[in-house]
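Each chain is listed here by its residues.
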Amino acid sequence: MTVTESLAQHVVDSLVAELAPVLGDEHVLTSKTARWNRARVPAPFPVHRWSERVPDLVVLPASTEEVAHVVRVANKYSVAIVPRDGGTGLTDGAVPERRGIVVDVKRMNQIHEIDLENGTCTVGVGINMLKLNEVLGKHGFIYPDDPASYPCSLIGGRIGTSGWSLVGSRYGHSRDLVLSFDMVLPTGETITVGDGGGQKLTKSSSGYQLKHLFMGHQGTLGIATRATLKLFPKPEAEFSPFWAFADYETAYRAVGALPRAGVATFAGAVLFDEWKVDYLRRDDEAYIPQPSSVKALVCAVAYGNEDEVRAGGRRLMRIARDLGARYLGDEISEGDWAARHDRYATPLHGRTRNGQVAPMSWHCEDAAINYTRLPAVRVAWHGILDRLRRDYDVFDDWGMFAYTSGNTGLDYLTEIDVGIWEQELDDRAWAAWVDAKREIAAVSLAHGGSISACHGSCREGEVDLVPEELGGAYEVMLKIKRALDPNNVMNPGKYGLDRAYRTEDS
Ligand SMILES: Cc1cc2nc3c(=O)[nH]c(=O)nc-3n(C[C@H](O)[C@H](O)[C@H](O)COP(=O)(O)OP(=O)(O)OC[C@H]3O[C@@H](n4cnc5c(N)ncnc54)[C@H](O)[C@@H]3O)c2cc1C
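Quick summary incoming for the structure in this document. Computed from a predicted structure; not experimentally measured.

Brief notes about the sheet that holds strand β8 (residues 178–184)
Thinking step 1. If you walk across this open sheet you meet the 5 strands as β5-β6-β10-β8-β9, and the pairing is antiparallel. For this open sheet the edge positions go to β5 (111–115) and β9 (190–193), each flanked by a neighbour on one side alone. In this sheet, adjacent strand axes meet at a mean angle of 10 degrees when their direction is disregarded.
Thinking step 2. Note: β8 against β9, 4 bridges, orientation antiparallel. Note that in β9 the partner of Asp-182 across the bridge is Thr-192.
Thinking step 3. Sheet strands touched by helix α4 (residues 129–137): β5, β6 (120–124) and β10 (223–230). Its angle to β5, the strand with the most contacts, is close to 40 degrees.

What follows is the structure, given as structure tokens:
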């Protein structure tokens, strides 16, 4: 991969001279700390290469108009712009691969309106769900977009990634919950997208359904600035049973049967495989260890009114028990579910091949996989990691989850967690990891799945297979990118979209 040089000082000076009068001097940052603080995301990357992806400057706009000004200036100088919200995205979307200007939208964190009668609120994209729900809760409402990064990912990043929610089987995912938003296009014009022209509608058949185009594009088609969100009544009750199984096959049957039961308050079910159970027992101090006879775990969750959750919960318990599950008790059930909303608590260590503890960061490979393909994907993915671990002693297999994406058990967010000893990740080990990522993605496609249910698929390795996954639709993506971003300034380098600008002789 070619490394982009930093901008010449005189170009940085010109950008500052054009941006500071509009944004204010204190909101156009060129210091080393300001830039390096926004250089990376949690996904592991070789430490010796961090300096390759540091932006030239950072701006902190406070309004849609200020964002539009930044975008126009970037076009004038042909400089890359990268939208950044919480910086928790795991596919490098907010990483400034071509340096340029990072647009950090965290100052746009106001709640502009709460419409109690219609059940919506309108917010700046820099707010996070935790803060928002603190305010909404006082009115008896909840905004139920609930990723495991709940305390630190923000509304704009949820739009940029089209995020996946832990309770999506009950309330929908970001795409269902974000009703409309203002969007600064790559050339600086502003539009509002939603269902039709209304900002508070859940269904319109008027015109193209552009809302979905402008979600999940990883900042390559513009910057969302203000969003209107769908609210739900704050649930009275939560039920989150956790069960142990003696083998994977029975647990697999349970994770399929629970959503198929048609319980209206059902919000999700998760299957933890044997590798995951081993890892939790071995290295996650927050987990209450289970004996080695436990080979798989399943957790389910239900939300709603007290009487409905209680009745639905009894049915879920019966289904699991009939399949031979052992209920693990209230403490682990409630504790584990609470911990799912804040996975920054994952241990910061893993194991080398001989069991030595080593400092490791967490990486998550995710895919969307149909129920019937889960067992085969699991075997293939662990096989890939096993080979990688044999050749390079800087990786650890932290096991797999399969998590319902909808309320019928059709497809699952399927995830393998990998510990990576980042400081020891030399160029050879990184290249092997990129190959493994490509193989993991290839397995998902071979089983009729999608490379990502959750994070997006922009990282080295997986991104090579996106044209294969999308086929003719990828060609349409290239045309849209070129039409909306003629100067290729908006988060260039992501999703292989540079090929939209190739000429015959380039
Ligand atoms: C511990 C942990 C757990 C996680 N669990 C989940 C999970 O359960 N579900 C899930 O979906 N994800 C999960 N993630 C991944 C991540 O939190 C999500 O992808 C989240 O949506 C990113 O939000 P962010 O605000 O951090 O965005 P960022 O990382 O800042 O940005 C993400 C992408 O969106 C673009 N973007 C940012 N702001 C805007 C904007 N205003 N307009 C347009 N584009 C923009 C960026 O350029 C980038 O491409 C997890 C991550 C971590 C670290």
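Read on, since the account is not over.
A few points about the environment of Leu-470
Thinking step 1. Residue placement: Leu-470 occurs in helix α15 (residues 466–470).
Thinking step 2. Leu-470 sits 20 residues away from Ser-450 along the chain, and the two C-alpha atoms are 9.1 Å apart.

Description of the site of the ligand
Thinking step 1. Around the ligand, the surrounding shell holds 36 residues, and the nearest of these are Pro-83, Asp-85, Thr-88, Ser-149 and Gln-218.
Thinking step 2. A distance of 2.7 Å is found between an oxygen atom of the ligand and a backbone nitrogen or oxygen belonging to Asp-85.
Thinking step 3. The separation between an oxygen atom of the ligand and a polar side-chain atom of Arg-158 is 3.0 Å.
Thinking step 4. Protein contact buries 98% of the 970 Å² of open area that the ligand shows by itself.
Thinking step 5. Where the shell around the ligand is concerned, the elements lending two or more residues are β3 (81–84), α5 (155–161) and β10.
Thinking step 6. Examining the composition of the shell around the ligand, we find that 5 residues originate from one element, α5, more than from any other.
Thinking step 7. Looking at the shell around the ligand, its residues break down into 14 nonpolar, 18 polar and 4 charged.

Describing unusual backbone geometry
Thinking step 1. With a phi close to 55 degrees, Gln-218 is a non-glycine residue in the positive phi region.
Thinking step 2. With respect to the element layout, Gln-218 can be found in the loop between α8 (210–213) and β10.

Scoring rules and cut-offs
Throughout, a residue's number is its position along its own chain's written sequence, starting from 1. Since the coordinates come from a predicted model, pLDDT governs what is reported: local features require at least 70, and pairs of side-chain atoms require 80 or more to be given and counted, while whole-chain, interface and lining totals use all residues. Hydrogens and water molecules were not included; the side-chain quantities draw on all heavy atoms of the structure. Being paired, for any two strands, means DSSP has found at least two bridges between them. We count a stretch as a helix when DSSP gives it H or I for four or more residues in a row; a strand needs E for two or more, and each element gets its number in order from the N terminus. Lines fitted to C-alpha atoms define the axes, with helix axes restricted to the stretch in contact, and inter-axis angles between N-to-C directions lie between 0 and 180 degrees. Every residue pair with non-hydrogen atoms within 4.5 Å of one another is taken to be in contact. Each residue is tested against the molecule or strand, and it is near if at least one of its non-hydrogen atoms lies within 4 Å. Polar contacts, as used here, are pairs of N or O atoms within 3.5 Å; protein pairs need one atom able to donate a hydrogen and one able to accept it. Residues neighboring in sequence count only if both atoms are side-chain atoms. For the accessible areas, the method is Shrake-Rupley and the probe is 1.4 Å, while residue cover comes only from the protein chains on display. Under the convention adopted here, Pro, Cys and the residues Ala, Val, Leu, Ile, Met, Phe, Trp and Tyr are nonpolar, Asp, Glu, Lys and Arg are charged, and Gly plus all remaining residues are polar.

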